[in-house]
Structures are given as structure tokens and as C-alpha cells.
Amino acid sequence: MTIDHDIPYGRQTITDADVAAVNEALRSDFLTQGPRIMEFEERFAGYVGSRYGVAVNNATSGLHLAARALGVGPGTRVIVTPMTFAASANCIRYCGGDVTFCDIDPDTYLMDEEKLVEILDRYPDGTFSGMVIVDFAGYPHNLERFRRIADRYGLWIIEDACHAPGAWFTASDGSHQRSGNGKWADCSVFSFHPVKHIATGEGGMVTTDNPELLERLRLFRTHGITRDPALLERNDGGWYYEMQELGFNYRLTDIQAALGISQLSRAAEGLARRQEIARRYDEAFAGHTDIRIPSRADDICHAFHLYVIQVPDRKGLYDFLRENRVMAQVHYAPLHLMPYYKNLGNREGDLPVAEEYYRHCLSLPMFPALTDEEQDYVIEKVLEFIERV
Ligand SMILES: *Cc1c(COP(=O)(O)O)cnc(C)c1O
């Protein structure tokens, strides 16, 4: 089999309906902060099952807002997973807080609950204020269990759910609980970067069930400025607003919200297609002892932002696939080994499970528009390399 184009690891799907929705927004009265923002917030909150959504210009801003709204500042120490994109930890640093990394579970690649408790027990009470956990690759955290740990130690939870819109875990009462549904995490954050499930170019959403956090997220999103008469210290007239905190401009535009609303209407379809692609990879690689496929429990729904395999010779496979126009990727080099975080005192060997995972992991193409023919080609090339070695 041959192909005449590169196959990326992830990419957006844009339909005629998406284009029409954006066109309509462009010709409307509002290019930003119009009715489409609130509609997108409400619809997205409905999709993940939270009470509120706050649309932002990207997930990095959303993480920053969440950290700021939760009161992170100098002297605040937060536990973060190293197996994530840099923004999950950077949001704490933006606010002047400190990061302690906790190693990952070798099966799920999520933050290891036992190691988390070990860290919490090793330090004096009150050392840590919160944790940032990441539903890595789309594998949902059992947030009921993490909430129990958080409550025991007085911590808040930011769930970086950028990989996991539509994922769910099964709670102890048997109910399905969606990632970002606000029941257990204080804030959850989603990204609408083109490689994620829903694309708005740049974009993000913070979800929460907490009305006080909602107010603070909205305040910090728009310069710390409020016009709400109930919140003003004084009121000079209809024109009057107050800047009450040092906030930011982290707003999404109505043009992007229009695209988000249109994309969201196909989110369930896209998720089902991702799961079908995962099943086809699983079947193709079953029985090949040199390929480790993603593990998953029966009682979760994995959102498959990524399909990550582990192989003995990852660099060899990566180079071979690139030569054959398959643009596989690595997610991620552990964050504690980035020069910036090394300079803050982290060292090679600190987090052996994440480091060992990094030596072998490779993300294969995974996006709804991937055709069966393209996937068969990817599978053929992976097996060709594995069987040759
Ligand atoms: C993509 C991603 C982000 C950042 O998202 P942006 O919208 O690009 O800022 C943060 N965390 C994780 C886990 C991501 O995958």
C-alpha cells in the first residue's frame, strides 16, 4: 500500500455547516462578547454535565484563570502530574506558586494515587493547597477517589480535561460521571486547539459547579472589571465600572464561539469514531508482544484524544514512520525534566515511571477524519517495523 500525503497524529474536521456558522457570526452585530459566547458556554456545560462554563481564548488561559480564582500565589504549593503539556504546571508558576511533581500510574499514565498520598504524608500538614490532574490521552480520572484524598488533606482540584471531553468514569453508586462535570473537581479546563476534540482555532472552556468560582473566573477573564451593581463599591452612574482585581483579557470571540457551537453538535459522533479507530488498532496489535496498547478498565469511557503505544525501539519506529509519511508524535517528555523545571530543582530519576514511559511511548494518528485506508496503512507500517527488528 502507498499514500501520497502525510498522515498527521491529529487534525480538525471542518464541515460546510461550520463555515456557514462562522460566516453568519461575521455578519452579525457582535464579533466578540455577543450572544454566541453564552450559548457556547451553556451548550458545552450541558455536554459535560457541569452547571457553568466560562469560555476563554485558550486552555492555557483557562488554567491560569482557574489557578488565580482558587487563590494560588507566592507560597502556594501544588502537586502536578509530569505527564502533560507544560501549561498544566505553568499556570501555577504564572501565579507565583510552586510545583511538586507526582509520578504516574504505569497502567493508566494518570497521577498515581498511592504516590500522591505518600507525598502528602511526607510533608507537614498545610504544605500543599491543591493538585492539577490530567485526564491523560482521554483516560478519565476517578474523581470521586481523588476528591476523597483532596478532602482528607484540604486540597482543591484543577482537572485538566483537555484530552477528555465526553469521557466518563463509574462512581461508587454505579452512575457514569463525565470528565469536567463539576461534581468533584473545583475547576476543569478544556482546549479547542485544532488537534483536540472540538476546534475553534484557539479556544478553551473552564467548567465548574461553584458559583463563587464562576464569578471570579469571569472577573479575571475581563481585566478584573465588573459592572454588576451588586458588587460595586460605589456607583457614579450608568457608565461606571470598577476594576477590582488585576485581571486579564482572556476572552473568546463570537466568531470562534460560532465555530465551537457547530463543532460541539458533532462531538458525540467524533468521540464514537475515535473509539472505533482505537478498537481497530487494538485488534491489529493484539498478540504482538512488542507493542503495548493503551490499557483501560471496563467501567470507563476513554475519550481517545491520543492512541499511545509503547514499543522497545521508540526512536526507530518514530523515524521509520516519518520516512513513510506517518507523522506519529511523542506525548510527552516528562515536565520535570524540561530545563525550566530542572532549574527549579527537579532531577532525572525523580519520577522513574514517567521517565520509563517516555522512553517507549508513541502516539499514532487518531482523529475522526482518519480513513480506514489511512489507518490500515499506519498499521501496516508499524507491523512492518516491529516484525523486521
Ligand atoms: C492542549 C493542552 C493544553 C493547552 O491548550 P491550549 O488551548 O493550546 O492552551 C493544556 N493541557 C493539556 C493536557 C493539553 O493537551
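About the criteria used
Residues numbered from 1 in each chain as written. Predicted model: local features only at pLDDT ≥ 70, side-chain atom pairs only at ≥ 80, totals over all residues. Heavy atoms only, no water. Core = buried A, V, L, I, M, F, W, Y, C linked by side-chain atoms within 4.5 Å. Buried < 20%, exposed > 50% of the residue type's maximum accessible area, 1.4 Å probe, protein only. Helix = DSSP H or I, 4+ residues; strand = E, 2+ residues; numbered from the N terminus. Domains from an automatic or database assignment. Contact = heavy atoms within 4.5 Å. Pairing = 2+ DSSP bridges. Patch = residues over 30% accessible without salt bridge, like charges linked within 9 Å, V, L, I, M, F, W, Y side chains within 5 Å. Areas by Shrake-Rupley, 256 points an atom, 1.4 Å probe, with all protein chains shown as cover. Salt bridge = Lys/Arg side-chain N within 4 Å of Asp/Glu carboxyl O. Lys, Arg positive; Asp, Glu negative; His and termini not counted. Charge placed at Lys NZ, Arg CZ, Asp CG, Glu CD. Near = heavy atom within 4 Å. Polar contact = N/O pair within 3.5 Å; in protein donor to acceptor, adjacent residues only side chain to side chain. Buried area = accessible area lost by both parts, 1.4 Å probe. Nonpolar A, V, L, I, M, F, W, Y, C, P; charged D, E, K, R; others polar. Axes fitted to C-alpha atoms, helices over the stretch in contact; angles between N-to-C directions. Arc of directions from axis to C-beta.

Visitor: Honestly, the nonpolar core in this entry has me stumped. Any pointers?
Guide: One broad rule of soluble globular proteins: the nonpolar side chains tend to lie buried together. Counting residues in each nonpolar core, the largest one holds 71 residues, and the members touching the most others are Ile79, Ile92, Leu116, Met131, Phe136 and Ile158. Per element, the largest residue contribution to this core is 6 residues, and it comes from helix 3 (residues 59-69). If you count residues domain by domain, this core takes at least three from each of domain 1 (16-264) and domain 2 (267-388). Excluding its chain neighbours within four sequence positions, the residues that come into contact with Leu116 are Ile79, Cys102, Met111, Met131, Phe146 and Ile149. One finds Tyr307, Val311, Leu317 and Leu364 within the second-largest nonpolar core, a separate group that totals 27 residues.

Visitor: Honestly, the environment of Ile104 in this entry has me stumped. Any pointers?
Guide: Among the structural elements, Ile104 can be located in the loop between strand 3 (98-101) and helix 5 (113-122). Exposure remark for Ile104: the relative accessible area of 0% places this residue in the buried category. Separated by 251 residues in the primary sequence, Ile104 and Glu355 place their C-alpha atoms 9.6 Å from one another. In this structure Ile104 touches Thr81, Pro82, Met83, Tyr109, Leu110, Met111, Asp112, Lys115, Val353, Ala354 and Tyr357, once residues within four positions along its chain are discounted.

Visitor: In this structure, what is going on with the sheet that holds strand 6 (residues 168-170)? I would like to understand it.
Guide: In space, the 3 strands of this open sheet follow the order 7-6-12, with antiparallel pairing throughout. Every interior strand has two partners, whereas the edge strands, strand 7 (176-178) and strand 12 (300-301), have only one. Where strand 6 lies against strand 12, 2 bridges are found, and the strand directions are antiparallel. Bridge assignment links Phe169 to a residue of strand 12, and that residue is Ile300.

Visitor: Any chance you could explain a negative patch on the surface here in plain terms?
Guide: On the surface, a cluster of negative charge is contributed by Glu114, Glu118, Asp121 and Asp125. Residue classification places Glu118 among the partly exposed residues on the basis of a relative accessible area of 47%.

Visitor: Hey, could you run me through the site of the ligand in this one?
Guide: Close contacts around the ligand come from 14 residues, with Thr60, Asp160, His163, Ser191 and Lys196 the closest. One nitrogen or oxygen atom from the side chain of His163 is found 2.8 Å from an oxygen atom belonging to the ligand. Side-chain polar atom of Tyr332 to an oxygen atom of the ligand: 3.5 Å apart, as the coordinates give it. Isolated, the ligand exposes 380 Å² of accessible area, and the fraction of that covered by the protein chains is 93%.

Visitor: Please clarify how the domain arrangement of the chain should be interpreted in this entry.
Guide: Here the chain is partitioned into domain 1 (16-264) and domain 2 (267-388). Averaged C-alpha coordinates put domain 1 and domain 2 at centres separated by 26 Å. Contacts between the two partners involve 39 residues from domain 1, matched on the other side by 32 residues from domain 2. Contact with domain 2 buries surface across domain 1, with Phe101, Tyr109 and Tyr139 losing the most and accounting together for 20% of the total. Applying the counting criterion to the domain 1 and domain 2 interface returns 1 salt bridge. Put simply, Arg292 and Asp107 hold a salt bridge, and the shortest N to O gap is 3.3 Å. Looking at the side of domain 1 that touches domain 2, the elements with two or more residues in it are helix 4 (87-94), strand 3, strand 6 and helix 8 (254-264). Residue composition of the side of domain 1 that touches domain 2, grouped by class: 24 nonpolar, 9 polar and 6 charged.

Visitor: Mind showing me how you'd approach the sheet that holds strand 1 (residues 52-56) here?
Guide: Within a sheet, each strand pairs with its neighbour through backbone hydrogen bonds, oriented either parallel or antiparallel. Spatial ordering of the open sheet is given by 1-9-8-5-4-2-3, a layout of 7 strands whose pairing is mixed. In this open sheet, the two strands that pair with only one neighbour each are strand 1 and strand 3. For this sheet, the mean inter-axis angle between neighbouring strands, taken without regard to orientation, is 20°. Bridging between strand 2 (residues 77-80) and strand 3 involves 4 bridges; their strand directions are parallel. For Val78, the partnering residue across the bridge sits in strand 3 and is Val99. Packing of helix 2 (residues 35-48) onto the sheet brings it into contact with strand 1, strand 8 (187-191) and strand 9 (204-208), and relative to strand 1 it is tilted by some 130°. Contacting strand 1, strand 5 (156-160), strand 8 and strand 9, helix 3 runs over the sheet at an angle of about 170° to strand 8.

Visitor: What is the right way to look at the side chain of Asn90 in this model?
Guide: If you trace the backbone, Asn90 turns up in helix 4. Only 2.7 Å separates the side chain of Asn90 from the side chain of Tyr341, close enough to count as a polar contact.

Visitor: Would you explain the pattern of salt bridges in this entry?
Guide: Should the charged atoms of two oppositely charged side chains come close, the side chains can pair. Summed over all chains, the structure comprises 24 salt bridges. The partner of Arg43 in a salt bridge is Glu39, and the shortest N-O contact between them spans 2.8 Å. You can see Arg43 and its partner Glu39 sitting in helix 2, 4 residues apart, about one turn around the helix. With its nearest N and O atoms 3.9 Å apart, the salt bridge here joins Lys183 to Asp209. With a gap of 26 residues between them, Lys183 in the loop between strand 7 and strand 8 and Asp209 in the loop between strand 9 and helix 7 (211-221) connect regions that are remote in the sequence. For Asp209, a relative accessible area of 16% translates into the label buried. By sharing partners, the salt bridges in this structure join Arg273, Glu276, Arg280, Asp372 and Asp376 into a single network.

Visitor: Got a minute to help me understand helix 1 (residues 16-26) in this structure?
Guide: Residues three or four positions apart in an α-helix share a direction because the helix packs 3.6 residues into each turn. Where helix 1 is concerned, the buried positions are Asp18, Ala21, Val22 and Ala25. One side of helix 1 carries all its buried residues, which in axial view fall inside an arc of 95°. The exposed set on the far side of helix 1, more than 90 degrees from its buried face, consists of Asp16 and Glu24. The secondary structure elements touched by the buried residues of helix 1 are helix 2 and helix 8.

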